[in-house]
Amino acid sequence: MSTCRLQWKAVVVCLMLSWGTSAGALSIDFSPASITHAQGTSFSLSAVLSGMPAGQALSTYDFDIVFDPLVLSLLSVSESNALCDQSGGAACQGISSFFMATPGSGTVNLFDLSFASDAQLIGQQVSSLTLFTLTFEGIAQGVSALGFSVNALGGVLDPQTGFTTDLLQFEPTLGTGQATIVGASVPEPGSLALFATGLILLLFARLSRSRR
């Protein structure tokens, strides 16, 4: 009996450890992960990084985002202030970064390099941070998958080695996105009949007034 209890305890401990590891894992996702929009309209998706390891901060990244160019057209890319971009925050003290977006056919490369210190980045970033926002237009009806390809993720400087921490060693989980483009909504037959009846009644009322 005691052996069985020990085995069950070992199983429970393993499950708790595995859950704790996955719960704090570094991940990069689209937000929202799934979106539906009408053809000819624009919408935005953001890239969100969460689960940053303790004592770390993101200092540079290099992403490739892929999508279906037959369904979506990339309109613009805007950076966040996660790497002390644009106006930044109180922790950034006016320090900016080098951001570059290079679009292609069905893809866009996004590179960002912060000039802030490790202390400034750690003060600016939280456990979940938006990296950039993509704005698309639906140019044709259909479904486009969206995916990440990570070329580089750099963290803070490691004082022991003198090199910037490679965040890819934490094996980040990459989420996927989906954009569904539908046609413009068409009034139902019942709605059309009701609208036509209203027009006929309005016309009849005007004719009656003119005869008086």
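The present account deals with the structure reproduced in this document. (Residues numbered from 1 in each chain as written. Predicted model: local features only at pLDDT ≥ 70, side-chain atom pairs only at ≥ 80, totals over all residues. Heavy atoms only, no water.)

On to a nonpolar patch on the surface. A cluster of nonpolar side chains, namely F98, M100, L113 and F115, defines an oily patch on the protein surface of about 380 Å² accessible area. If you trace the backbone, F98 turns up in strand β6 (residues 97–104). A relative accessible area of 40% means that F98 is categorised as partly exposed. (Patch = residues over 30% accessible without salt bridge, like charges linked within 9 Å, V, L, I, M, F, W, Y side chains within 5 Å. Areas by Shrake-Rupley, 256 points an atom, 1.4 Å probe, with all protein chains shown as cover. Salt bridge = Lys/Arg side-chain N within 4 Å of Asp/Glu carboxyl O. Helix = DSSP H or I, 4+ residues; strand = E, 2+ residues; numbered from the N terminus. Buried < 20%, exposed > 50% of the residue type's maximum accessible area, 1.4 Å probe, protein only.)

On the secondary structure map, S117 appears in the loop between β7 (107–114) and α2 (118–124). For S117, a relative accessible area of 34% corresponds to the partly exposed category. When the C-alpha atoms of S117 and C92 are compared, they prove to be 8.6 Å apart, with 25 residues separating the residues in sequence.

The next point concerns the nonpolar core. If you look at the biggest cluster of nonpolar residues, it comprises 32 residues, and the most contacted ones within it are L58, Y61, F63, L72, L131 and F132. Elements with a contribution of two residues or more to this core: β1 (27–31), β3 (42–50), β4 (60–66), β7, β8 (128–138), β9 (142–157) and β12 (176–182). With 5 residues, β8 is the single largest residue contributor to this core. Not counting residues up to four positions away in its chain, the partners in contact with Y61 are L83, F99, L110, F111, D112, L131, F132, A152 and L153. Membership of the second largest hydrophobic core comes to 6 residues, among which are A57, C92, A116 and V156. (Core = buried A, V, L, I, M, F, W, Y, C linked by side-chain atoms within 4.5 Å. Contact = heavy atoms within 4.5 Å.)

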